[in-house]
Structures are given as structure tokens and as C-alpha cells.
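# Chain and residue survey
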Amino acid sequence: MNDILVFDDVLLKFGKETIYDGLSFTVKKGEFLCILGPSGCGKSTSLRLMGNLLEADDGNVTIEGLPPEHGWNKLAYVFQSPRLVPWRSALGNVLLGMELRFEKLAKSTMAETANRLLDMVGLHEDKDKYPGMLSGGERQRVSIARALSVDPDIILMDEPFSALDLNTRWRMRSEIIRIWQETGKTVIFVTHDIDEALVLADRVLLLSNKPTKALETLTLEEPRPRQIEQSESLTQQKNYLISLFRKLEQPDELETV
Ligand SMILES: Nc1ncnc2c1ncn2[C@@H]1O[C@H](COP(=O)(O)OP(=O)(O)OP(=O)(O)O)[C@@H](O)[C@H]1O
Ligand SMILES: [Mg+2]
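Now for a quick tour of the structure. Just so you know, these numbers come straight off a predicted model, no measurement behind them. Each chain carries its own residue numbering, running from 1 in the direction its sequence is written. To read the labels, note that chains go from A and ligands from 1, taken in the order they are written. Side-chain atom pairs in this predicted model are given and counted only at pLDDT of 80 or more, local residue features only at pLDDT of at least 70, and totals for whole chains, interfaces and linings cover all residues.

## Describing the overall build of the protein
Going along the chain from the N terminus, every DSSP run of H or I of four or more residues is numbered as a helix, and every run of E of two or more is numbered as a strand. In terms of helices and strands, the protein carries eight helices and nine strands. Whereas a compact globule of 257 residues would reach a radius of gyration of roughly 18 Å, the protein reaches 19 Å, a difference of no more than 12%. Summarising its shape, the C-alpha atoms of the protein cover approximately 60 × 45 × 40 Å along the three principal directions. Here, residues touch in the contact sense if the C-beta positions derived from the backbone fall within 7 Å of one another. The contacts of the protein with a sequence gap of at least 6 include a subset with a gap of at least 24, amounting to 67%. Here the globule rule reads 2.2 Å times residues to the power 0.38, and the radius of gyration is calculated from C-alpha atoms.

Here it is, written out as C-alpha cells:
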């Protein structure tokens, strides 16, 4: 069995509101999975369940066969806003990630790893800069290096490029594919952008409106780098996802008529 992460019939409520009503999906080791879905359907919440920041009311979440309370340390996060410490340099921020997770690791080993990862994300020249001196894309590169620094098996990314300008966003998408291919990590990438999911993912998991279930899973076999307009199968899959999204939006439209 090479499922590295499993959601099995997960039920979650916040107060009286049912968020997940039997949410099931699996992620394979080494896979790039995009979780796509309408706003408020529980994409970010799914990452919080994986990280043991929340507990399911029923069903099971497992990471490498372990419940999140034991499996959380196989994960690392990259958030929409990079959440860097302003008084530490790029290097210092990556080191902080490791210091918090590995108290006993030798300082020299940490420095070696942090330097290597900052090189990998293209910040060779910028290691001593403070977050305030870095561009949005560079800050997000630091947070990717910080996530990689704890050598997680799975990287969780929650709309990591949505605050960046269009060009930077496209550049970061190719970068994350390169880094994923280079490191062999499993990536779970949350987005509400259909094009982004189609360009990045091995598989796209589409979630429904609340109470949320897995609505559809698409496997994308198109080789990378991908250009949606130049691929018949990706164009078809894009049209299919757009039509599913329209259906998801319909109940609201009907209510406002
Ligand atoms: N602590 C909480 N208490 C009550 N409700 C919550 C809490 N956290 C999240 N919710 C609700 O759970 C639902 C899912 O939230 P979540 O942030 O996971 O959505 P999302 O799919 O990530 O949306 P977006 O695309 O807008 O980021 C929302 O309706 C939200 O209001
Ligand atoms: Mg969210």
C-alpha cells in the first residue's frame, strides 16, 4: 500500500454546522495532489486536520498509517502569506524552522541544510536579507525552503501563490514542479484556481459545497511543463471542471433570484 495520507469517511462539525459529511480521499507517496473547491468548502480545514490542529468528529485521518497526533511531524506547511519572522534574515528564518523541530541537531548541520535549500529555491544571493527587503515571490521561496528544511515527507501548501502577481505566480508554479521533482516529496496543494490545478497536479480532487464530500477526482497524464491551451486533454478537463464549478454555484444563484 503506497497511500501516504488517507481521509476515510471523515465527519466534521463546527457547532451545529456540518463541514464534512463523509469526506474520503487518499494521497499516494510522491504524488502532487491539488485540492480544488469552492470558497468555504473546507480546503484549509483539511490541512488543519492533517496537522493535528483540529480533530474529526468521526471517521479517520491517517498519515503513513498514523493518526495526526503522531503523524503531524511528517508534514510541513507553506501558507498563502509566508509568515516569516521580520527580525531574522532569510537564512535565519529557515534555521528557525529547524531549531523549533530539531532541538538537538548540530548548528553546523542546520546551517549547511539551510544554505543548500536557499540555493535550491534560487535565493543564493539573498540569504542575508530580511523579509522586509524581499519581494513577495522571494519571501514565498524562503517559506518553501523553511518547509523543506525539516525534511517532511509531505508538504502542505495552502494557496501559496495567490497573493503574488501573475508573472511571479507562473514562475513559482514551474519552480515548485522542479523542486517537487528534485526532492521526491509528496505535495498536497490547495487552490481554488482551475488552471493552477491543471498545470501542477498529478491528480485533482474536487470538493463539493458544504456539507463537503469528494465530488470528483481527475488524473492528469499530460507531461510537464504544461500549457492548457495547447493540450486537447487538458482543455477538455478544464471545461469539465468549469462545468462542475458552475453546478456548484447554481444553488446560490437560485436562492438570490
Ligand atoms: N474555527 C472555526 N469555527 C467555526 N467555523 C469554522 C472554523 N474554521 C473554519 N470554519 C468554517 O468552516 C468552513 C471551511 O473553512 P475553510 O477555511 O477550510 O474553507 P476553504 O475551503 O479553505 O475556503 P477558502 O477557499 O475561502 O480559503 C467555512 O465555512 C468556515 O467558515
Ligand atoms: Mg482556505
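## Observations concerning the pairing of strand S1 (residues 3–14)
DSSP calls a pair of strands paired once it identifies at least 2 bridges connecting them. With nine bridges joining them, S1 and strand S2 (residues 17–28) adopt antiparallel strand pairing. For Val10, the partnering residue across the bridge sits in S2 and is Leu23. Where S1 and strand S4 (residues 58–63) come together, five bridges link them in antiparallel fashion. Looking across to S4, one finds that Leu11 is bridged to Asp58.

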